[in-house]
Amino acid sequence: MNSLTTTYLAAGKWHDFWAGNLGEWLRTKGLHIVLVIAAAIVATRLIRWIASMIARRLDTGHELVRSESAKHRAAVASVISSVAIAILYVVVSVDVFDQLGLPIGSLVAPAAVLGAALGFGAQRIVQDLLSGFFIITEKQYGFGDLVALAVTGSSAEAQGTVEDVTLRVTKLRTSDGEVFTIPNGQIVKALNLSKDWARAVVDIPVPASADLNKVNDVLHEVAAAATTDARLDQLLLDEPSLMGVESIKLDTVNLRMVARTLPGKQFEVGRMLRSMVLRSLRQAGIASPAKPTTVEAVASSS
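Cut-off values and rules
- Residues numbered from 1 in each chain as written.
- Predicted model: local features only at pLDDT ≥ 70, side-chain atom pairs only at ≥ 80, totals over all residues.
- Heavy atoms only, no water.
- UniProt positions renumbered as here; feature names shortened; annotations may be inferred.
- Phe/Tyr/Trp six-rings, centres within 6.5 Å; stacked < 30°, edge-to-face > 60°.
- Lys NZ or Arg CZ within 6 Å of the ring centre and 35° of its normal.
- Helix = DSSP H or I, 4+ residues; strand = E, 2+ residues; numbered from the N terminus.
- Expected span 1.5 Å × (residues − 1).
- Buried < 20%, exposed > 50% of the residue type's maximum accessible area, 1.4 Å probe, protein only.
- Arc of directions from axis to C-beta.
- Axes fitted to C-alpha atoms, helices over the stretch in contact; angles between N-to-C directions.
- Parallel < 35°, antiparallel > 145°, perpendicular 65-115°, else oblique.
- Left-handed = near helix turned anticlockwise from the far one by under 90°.
- Contact = heavy atoms within 4.5 Å.
- Nonpolar A, V, L, I, M, F, W, Y, C, P; charged D, E, K, R; others polar.
- 1 Å grid on protein atoms, 1.4 Å probe; cavity = no way out; pocket = protein on both sides within 12 Å on 5 of 7 lines; lining within 4 Å.
- Points joined across faces, edges and corners; volume = space filled by probe spheres on them.
- Core = buried A, V, L, I, M, F, W, Y, C linked by side-chain atoms within 4.5 Å.
- Pairing = 2+ DSSP bridges.
- Polar contact = N/O pair within 3.5 Å; in protein donor to acceptor, adjacent residues only side chain to side chain.

- As annotated in an unreviewed UniProt entry, the protein carries the name Mechanosensitive ion channel protein MscS and is attributed to Mycolicibacterium helvum.
- Under Subcellular location (unreviewed entry), UniProt gives the following word-for-word description of the protein: "Cell membrane".
- UniProt annotates the protein under Sequence similarities (unreviewed entry) with the comment "Belongs to the MscS (TC 1.A.23) family."

Below you can see the structure in the form of structure tokens.
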């Protein structure tokens, strides 16, 4: 003990001794800890603000759909921000432990043993992180993509619009507004319905007694009119094609029309084409069978 400490103890001034040391600690190390934690909070908010600014900047374009590069940049920005925040927290924690006088060096060996033990129990987390890394680097899907994911342990696919992609989870919002949170390691198959371009497939049933030549003429007129329609013209990549007779049943004949569309717009285009086809067939005096027109949507990549 130094002379000051001895003097305090000899005089019996325990209260003054602890008060003096506590005040000195608060003015030095305590203040340092408070400033470091405050700086970490500010830096975290700054990182998240920058990430949100990047996301909004990518959404300010005048295009109907995001480009593949924009989707990928948004996913990468989200991952970088989360990793940066995690690293920031680790650095701040180490500095705080050092200011508190905890022996960081002596904790290395126990931490290694604990890490090895946790590694066996955290295999799924590691699998999620590795799967998320390859999803992002391979550009399997990104923000705004319409995807159908086959998940381990579930017979039904999770289908919806990608709202968030991190190294660990993927979040999808369904057409009903529900949100799926799926660990990346449990995704066994990813079907991207909005990558590069998509295809609307419209199956049109007509009575077997109908004049197919007349039906084909009507459908060709519909295909030509679709390219001049104010709504469809922005969604179609080329003029819809008539594939001819797809199948023959007892009292109906199914014809098929296909159209290449912008990514994720195949369902909207299919609904519009179906409406145009039904209206044109009725105007031409061609009766529709009892079975309603069905629309399928198939996504393709270039």
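**Comments concerning the packing of aromatic side chains**
- Evaluated as defined, the whole model comprises one aromatic pair.
- Pairing Phe 133 with Phe 134 gives two aromatic rings, centres 5.4 Å apart and planes at 75°, and the pair type is edge-to-face.
- Stacked on the ring of Trp 197, the Lys or Arg Arg 260 has its end atom at 5.0 Å from the ring centre.

**Here's the deal with helix H6 (residues 212-226)**
- The terminal C-alpha atoms of H6 lie 21 Å apart, and with 15 residues this matches the ideal 21 Å at 1.5 Å per residue to within 8%.
- Along H6, the residues that are buried comprise Val 215, Val 218, Leu 219, Val 222, Ala 223 and Ala 226. An end-on view of H6 places all buried positions within 140° of arc, on one side of the element. Exposed residues on H6 whose side chains face more than 90 degrees from its buried face are Asn 213 and Glu 221.

**Digging into helix H5 (residues 123-137)**
- End to end, H5 covers 21 Å across 15 residues, agreeing with the expected 21 Å (1.5 Å per residue, within 8%).
- Among the residues making up H5, those that are buried are Asp 128, Gly 132, Ile 135 and Ile 136. Along H5, the residues classed as buried sweep out an arc of 90° about the axis, all on the same side.
- After H5 finishes, the residue Lys 139 shows a positive phi value of roughly 55°.

**A word on the packing of H6 against helix H7 (residues 266-283)**
- One way to put it is that H6 packs onto H7 with a least axis distance of 10 Å and a crossing angle of 135°. Our classification of the angle between H6 and H7 gives oblique. The element H6 and its partner H7 pack so that their crossing is right-handed. Contacts from Val 215, Val 218, Leu 219, Val 222, Ala 225 and Ala 226 in H6 reach Leu 273, Met 276, Val 277, Ser 280 and Leu 281 in H7.
- Looking at the contact of H6 with H7 residue by residue, the class counts come to ten nonpolar, one polar and no charged.

**Topic: the layout of surface pockets**
- Of the voids in this model, the second largest pocket is the one considered here, and its volume is about 230 Å³.
- Sorting the residues of the lining of the second largest pocket by element identifies helix H2 (14-58) and helix H3 (68-99) as the ones contributing at least two each.
- In terms of residue count, H3 provides more of the lining of the second largest pocket than any other element does, six residues in total.
- Of the residues belonging to the lining of the second largest pocket, the class tally is seven nonpolar, four polar and two charged.

**Digging into the environment of Ala 86**
- Within the secondary structure, Ala 86 sits in helix H3.
- Residue classification places Ala 86 among the partly exposed residues on the basis of a relative accessible area of 40%.

**Focus on the side chain of Thr 44**
- Among the secondary structure elements, Thr 44 is positioned in helix H2.
- Under the relative-accessibility criterion, Thr 44 is labelled buried at 4%.

**Notes on the nonpolar core**
- In terms of nonpolar packing, the biggest core is built from 23 residues, with Ile 204, Leu 232, Leu 273 and Leu 281 touching the most fellow members.
- Where this core is concerned, the elements lending two or more residues are strand S6 (197-207), H6, strand S8 (252-261) and H7.
- Residue contributions to this core peak at six residues, all from H7.
- Core analysis: the next-biggest nonpolar cluster, separate from the first, contains 13 residues, Ile 135, Val 147, Leu 149 and Leu 172 among them.

**A word on the pairing of strand S4 (residues 179-183)**
- Pairing geometry for strand S3 (residues 169-173) and S4, over five bridges, is antiparallel. In the strand pairing of S4, Leu 172 is matched with Phe 180.

**Looking at the side chain of Asp 203**
- Counting through the fold element by element, Asp 203 comes out in strand S6.
- Within the structure, the side chain of Asp 203 is placed 2.6 Å from the side chain of Arg 256, a separation counted as a polar contact.

**With respect to the sheet that holds strand S1 (residues 146-151)**
- With antiparallel pairing, the five strands of this open sheet are ordered in space as S4-S3-S2-S1-S5. The sheet terminates laterally at S4 and strand S5 (187-192), the two strands that pair on one side only. Neighbouring strand axes in the sheet, compared pairwise and without regard to direction, differ in orientation by 45° on average.
- Both S1 and S5 contribute to a ladder of five bridges, which runs antiparallel. Residue pairing in the sheet places Ala 150 in a bridge with Lys 189 of S5.

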